[in-house]
Amino acid sequence: MSEVKISAEVRTEFGKGASRRVRRENKVPGVLYGHGAEPVHLTLPGHELLLALRTPNVLISLDVDGKTQLAIPKAVQRDALRQGILKHVDLLLVRSGEKVTVEIPVHTEGELAPGSNLLEHVLNTLPVEAEATHIPTEVTVSIAGLDAGASILAKDIPLPSGSKLAIDEDAVVIQVMAAQAEEAPAEGAAEGDASAEA
């Protein structure tokens, strides 16, 4: 996984007005917490943070007043209308070797069996426990040749070394359903009407 270095400043002003001022400067208010330490309120550079958050569960090396700490994003608030605008971020302090539970995006590869089948992602992300400095960015599962009625369970998804499921292994992650056929009675009714007119 990638590690991104970001310099942050300790924030001393709080409240909506202070947060608005921070965002006007293209910065993002945030809070760093974890390991029983007092939460630290931060101001982070908006553009750099936005780029970093494109990677799920990105490991951020925070430089705060000359001290470097590792953190992962736990909660990100975005503007309801403009998703590219960050409103606030919660960062969880982590240490090398520490285990954390995170949500990993599930990607599929391959083509379903021929026919009008539909793929349903019951879970878009898979909860896993991994070392904080080796969090996988995603998991990929093959759907090649799957037909209606098939499903992929959490235990069927290959996990990177050092990661383990943090969910019931029999939980359905992906399932294949038959496409619903158009309703035949409507066609029958139309034919009936046509013969009545004749």
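A quick note: this is a predicted structure, and the numbers were derived from the prediction, not measured. (Residues numbered from 1 in each chain as written. Predicted model: local features only at pLDDT ≥ 70, side-chain atom pairs only at ≥ 80, totals over all residues. Heavy atoms only, no water.)

S.K.: Sorry if this is basic, but what is going on with the sheet that holds strand β1 (residues 3-10) here?
M.R.: The strands making up a sheet associate through hydrogen bonds between their backbones, and the pairing can be parallel or antiparallel. Overall, mixed pairing links the 6 strands, which are arranged β1-β3-β2-β6-β5-β4 in a closed barrel. For this sheet, the mean angle separating the axes of adjacent strands, direction not counted, is 45 degrees. Bridge analysis of β1 against strand β3 (residues 37-45) gives 2 bridges, and the strand direction is antiparallel. Bridge pairing in β3 places Val-10 opposite Leu-42. (Pairing = 2+ DSSP bridges. Helix = DSSP H or I, 4+ residues; strand = E, 2+ residues; numbered from the N terminus. Axes fitted to C-alpha atoms, helices over the stretch in contact; angles between N-to-C directions.)

S.K.: Can you walk me through the environment of Lys-67 in this structure?
M.R.: Relative to the elements of secondary structure, Lys-67 occurs in strand β5 (residues 67-78). Overall, Lys-67 belongs to the exposed group, its relative accessible area being 52%. The sequence separation of Lys-67 and Ser-7 amounts to 60 residues, and the corresponding C-alpha distance is 9.8 Å. (Buried < 20%, exposed > 50% of the residue type's maximum accessible area, 1.4 Å probe, protein only.)

S.K.: Would you take a moment to explain the nonpolar core for this structure?
M.R.: One recurring pattern in soluble globular proteins: nonpolar side chains tend to sit buried together. Among the nonpolar cores identified, the biggest contains 21 residues, and Ile-72, Val-94 and Leu-126 are the most heavily contacted of them. At the level of secondary structure, the elements contributing two or more residues to this core comprise β5, β6 (86-94), β7 (99-109), β9 (125-131), β10 (139-142) and β13 (172-178). Looking at this core element by element, the count peaks at 4 residues for β7. Not counting residues up to four positions away in its chain, the partners in contact with Leu-126 are Val-102, Glu-103, Ile-104, Val-106, Val-139, Ala-154, Ile-157, Leu-159, Leu-165, Ile-167 and Val-173. With 18 residues, the next largest nonpolar core counts Ile-6, Leu-42, Ala-52 and Val-64 among its residues. (Core = buried A, V, L, I, M, F, W, Y, C linked by side-chain atoms within 4.5 Å. Contact = heavy atoms within 4.5 Å.)

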